[in-house]
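Observations on the model geometry
Each chain, written out:
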Amino acid sequence: MGNIVTLVKKDNAGKFDWAPLYEAYVSGANGDPLNERDDGWMDGCCPLHDDTRPSFSFNRWSGYWLCRAGCGAGWPLDFLEAVAGLDGDDALEEIRELCGSLPPEIIPGPLTLTAYAVYCNLPVSFLQKLGLAECAKGVKIPYCTVDGQVFRYRYRLSLNKQGSRFAWGSGKGILPYGLENLHLAKKAGYLLLVEGESDVQTLLYAGIPALGSPGVAAWQKEWSALIPEGVQIYIWQEPDEGHVLVEKVLRAFPDAKIIKTTVEEKDPRQVWLNSRDKADFVQRINELLQTATTADDLQEAARRTEREAVWQKCKDLAMEPDILTPVLNTLSQVVAGEREALAILYLALTSRLLPRPINLLLQAPPGAGKSYLVDCVLQMFPESAYYKLTASSERAFIYSDENFAHRTVVVAEAAGLHSDGVAGTIIRELVWSSQLAYEVVEKTPDGLRPRKIIKDGPVGLITTTVKNVEGELATRLLVVELKDTPEQTRLILEAEAREAAGQATMPDLSHFAALQKWLELNGPANVIVPYAETLARLLKPSSVRLRRDFRQLLTLIMANAVLHRASRQTSSSGAIIASIDDYAAIYPLAVALFASTGEATLTPQQREAVEAVRRYYEQYHTSVTVKALSKLLGIDRTSTQRRVAAAIKKGFLVNLEDKPHRPAMLVPGDMAAEEDNSLPEPEMVARMSS
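This write-up is about the structure you can find in this document. Just so it is clear, the model here is predicted, and its values are computed rather than measured. (Residues numbered from 1 in each chain as written. Predicted model: local features only at pLDDT ≥ 70, side-chain atom pairs only at ≥ 80, totals over all residues. Heavy atoms only, no water.)

Right, let's talk about the side chain of Ser275 for a bit. Position of Ser275 relative to the elements: it lies in the loop between α9 (268-274) and α10 (278-290). Residue Ser275 is classed as buried on the basis of its relative accessible area, which comes to 9%. In terms of polar contacts, Ser275 uses its side chain to reach the backbone carbonyl oxygen of Val271, at 2.6 Å. Contact partners of Ser275, with chain neighbours within four places excluded, come to Asp280, Phe281 and Arg284. (Helix = DSSP H or I, 4+ residues; strand = E, 2+ residues; numbered from the N terminus. Buried < 20%, exposed > 50% of the residue type's maximum accessible area, 1.4 Å probe, protein only. Polar contact = N/O pair within 3.5 Å; in protein donor to acceptor, adjacent residues only side chain to side chain. Contact = heavy atoms within 4.5 Å.)

Read from one edge to the other, the open sheet built from five strands follows the order β2-β3-β4-β5-β6, with strand pairing classed as antiparallel. Unpaired on one side and paired on the other, β2 (35-36) and β6 (72-74) mark the two borders of the sheet. Where strand β3 (residues 41-44) and strand β4 (residues 56-59) come together, four bridges link them in antiparallel fashion. Each bridged residue has a counterpart across the sheet, and for Asp43 the counterpart in β4 is Ser57. (Pairing = 2+ DSSP bridges.)

Along helix α7 (residues 197-205), eight of the nine residues are buried, which leaves the element largely enclosed by surrounding structure. Residues Glu197, Ser198, Asp199, Val200, Gln201, Thr202, Leu203 and Leu204 constitute the buried set of α7. In the stretch just after α7, Gly207 is the one whose phi turns positive, near 80°.

Right, let's talk about the pairing of β3 for a bit. Of the two faces of β3, both are covered, the one formed by Trp41 and Asp43 as well as the one formed by Met42 and Gly44. Pairing geometry for β2 and β3, over two bridges, is antiparallel. Its bridge partner being in β3, Asn35 is matched across the sheet by Asp43. The turn linking β2 back onto β3 is made up of four residues, and Gly40 within it adopts a positive phi angle of 95°.

Take the nonpolar core next. In this structure, Tyr346, Leu360, Leu515, Ile557 and Tyr583 are the most contacted members of the largest nonpolar core, which totals 74 residues. Counting residues per element, this core draws most heavily on helix α21 (residues 546-563), which supplies 10 residues. Every residue in contact with Ile557, bar those within four places of it in the chain, is listed here: Val529, Tyr531, Leu535, Ala578, Asp582, Tyr583 and Ile586. One finds Val194, Val200, Ile259 and Phe281 within the second-largest nonpolar core, a separate group that totals 42 residues. (Core = buried A, V, L, I, M, F, W, Y, C linked by side-chain atoms within 4.5 Å.)

Taken in spatial order, the five strands line up as β18-β19-β22-β17-β23 in an open sheet, and their pairing is parallel. Single-partner strands in this sheet number two, and they are β18 (386-389) and β23 (478-481). Sheet twist, expressed as the average angle between the axes of neighbouring strands with direction ignored, equals 15°. Looking at chain direction, strand β19 (residues 407-411) and strand β22 (residues 459-465) are connected through five bridges and run parallel. Across the sheet, Val410 pairs through a bridge with Ile462, a residue of β22. Relative to strand β17 (residues 359-363), helix α13 (residues 339-350) is tilted by about 155°, and along the sheet it contacts β17, β18, β19, β22 and β23. (Axes fitted to C-alpha atoms, helices over the stretch in contact; angles between N-to-C directions.)

This part covers the environment of Arg303. Counting through the fold element by element, Arg303 comes out in helix α11 (residues 295-318). Judged by relative accessible area, which is 31%, Arg303 ranks as partly exposed. Once residues within four sequence positions are removed from consideration, Arg303 is found in contact with Glu520, Leu521 and Gly523.

What follows is about the packing of helix α23 (residues 604-620) against helix α24 (residues 626-633). Between α23 and α24, the shortest axis-to-axis distance is 10 Å and the interhelical angle comes to 110°. Judged by the inter-axis angle, α23 sits roughly perpendicular to α24. Between α23 and α24, the contacting residues are Glu608, Ala609, Ala612, Val613 and Tyr616 on the first element and Leu629, Leu632 and Leu633 on the second. Per-class residue counts for the contact of α23 with α24 are seven nonpolar, no polar and one charged. (Parallel < 35°, antiparallel > 145°, perpendicular 65-115°, else oblique. Nonpolar A, V, L, I, M, F, W, Y, C, P; charged D, E, K, R; others polar.)

Here we take up the packing of aromatic side chains. With the rule as written, the count across this model stands at 24 aromatic pairs. Taking 5.4 Å as the distance between ring centres and 75° as the angle between the ring planes, the aromatic pair formed by Trp272 and Phe281 counts as edge-to-face. You'll find Trp272 and Phe281 in the same group, each marked buried. Ring pairs connect the aromatic residues Tyr22, Tyr25, Phe56, Phe58, Trp65 and Phe79, which therefore count as one cluster. One cation-aromatic arrangement involves Arg60 over Trp61; the distance from NZ or CZ to the ring centre is 5.2 Å. Lys140 extends its terminal NZ or CZ atom over the ring of Tyr153, reaching a point 4.6 Å from the ring centre. (Phe/Tyr/Trp six-rings, centres within 6.5 Å; stacked < 30°, edge-to-face > 60°. Lys NZ or Arg CZ within 6 Å of the ring centre and 35° of its normal.)

As a further point, take a nonpolar patch on the surface. Together, Val654, Leu656 and Met665 give the surface a local cluster of nonpolar side chains, amounting to about 230 Å² of exposed area. Judged by its relative accessible area of 32%, Met665 falls in the partly exposed class. (Patch = residues over 30% accessible without salt bridge, like charges linked within 9 Å, V, L, I, M, F, W, Y side chains within 5 Å. Areas by Shrake-Rupley, 256 points an atom, 1.4 Å probe, with all protein chains shown as cover. Salt bridge = Lys/Arg side-chain N within 4 Å of Asp/Glu carboxyl O.)

Turning our attention to the side chain of Arg407. Tracing the chain through its elements places Arg407 in strand β19. In this structure the side chain of Arg407 is engaged in a polar contact, spanning 2.5 Å, whose partner is the backbone oxygen of Tyr386. Within the structure, the side chain of Arg407 is placed 3.0 Å from the backbone oxygen of Asn403, a separation counted as a polar contact. In contact with Arg407, other than residues within four places in its own chain, are Arg352, Glu383, Ser384, Ala385, Tyr386, Tyr387, Glu402, Pro458, Val459 and Gly460.

What follows covers the pairing of β19. Burial analysis of β19 places five of its five residues in the buried class, which makes it a mostly covered element. The pairing of β18 with β19 spans four bridges and is parallel. Paired with Tyr386 across the strands is Thr408, a residue of β19.

Here is the structure:
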């Protein structure tokens, strides 16, 4: 940009007329003549953008110009550089040719108070009353304390958008601008928080109490204590990065109201420039104050708009009678087999919207594709649904800035969930409590000080492992075992072959993600299961653990009801009413799932191993090793060992070898120990509930 032009005048009669320069580039609306006001300002269409209504103004006597649409502001040399790319001697020649001569004196130099006053359209005397003054750097602006003592100076160097516009004087620290006028806010009962000094000066000129942050990101939390109690806070949010200031202030004043404006009138100064007079300006500001909304109102309006947008994308899917079917059919295009595991993963992630989400452990030997399975399902969800970690470290959750409420934390490997120390405690509480409060001791300028960090829940957890998780955490998880059979291995090999041949492509999952976003935007869900008591009566209480598992069973039902929210009835309080179809949908999944958690129940894989040992013992009347058993089952030793370990723990197999690090000598245990822990069929539950 060109240098700022300061015109030195001795009297009004000697003013240089800049109108011919601007009239060569600026036209009125629809070709009409420029509109001239009594104060020397002329209005027309801006030549710097496609302007259909006059947004460009210049003062024919001072030469100052501005575009209210945001193209900029400045002086004649700035204008010529912006509109025609002219500077230096070329710009002066253009002025001489269009205006007939050059001004008496053109002085390139620091910003003057007079130029700044024209920029703000404020009297120089008023700015001087606020303490502004000219200096060698530009315009010196005092930042004062509440009692009016100068704390530090800030210099306005330029009115141009490019380059350095501000510089701080000597001293340390910063304060908001206008603290010495806070008594006006206390008297008026309200305060308008804005960005920058010129906006505060403009509002004070009209008698409106205001306080300015020296930058959108400069607001500091300790400044909040300076504002008088009982004052209603209004935050002026500018269109570009104004949300940063809003977010910072709202942390201290959650009840503050927000004024959102347009690009044409992005700040109070531009509203003032567009106003007829002071009374008109005050009326327009009062109208903005009256229509200001709280952050909750703005968020709800944005939520409604987004909810309608995603609904249009997912409504056909949302009205499906059995949404799990298209989910699994789509996933089967990229995942070989494992429909049950995929369905449970999907429902576990959906349950994040419930008061108590499902906590899931995906268990399989190395290389079984656990992480790939999870990643495929996650692609059906918006990123706001989960928080993914590749590992967990001490206090990682507690110090994270992420909001975990109604989200699922996905941890790649359960070995990262330390059983001892801080992290184990944090995670156990996080996945089961509605809130986690943790005390830490931190180093501050005043020495070591305690601080309580609070993380709101509820939070779900999904993790993977190749071995069993420590006992306390395991009781809080539902375990899903991936298939380790030769048939599953064959399916995986065939799928990889199709991918290598270019026959496998990722399907479009956007409407699935849209459905989950729509559910999320409807807010946390409450679900009523009318047949819950019937289900409880029909279950056989085989172990204490069933108390927790029953809650997980109900959560699976509730998750399916949430998934079908669009087609489910609701109660008078707005709760979703689960139908018997929700139990029928999760029944085949829950049968095997709860067998894996039962203390006296075998999963199909475990039962297969136990039966193989029993047949071997009946035929040969001797024990069998894990190595031999893996050959009998046709699976690898790791998978065999995992099945054996679970069966021994439940009493269905016995290891006769009591010496450590020696091959196991397996014989049948007490088969009579297996309890009938089967779930009642949906038809029976429906019949008993009617």
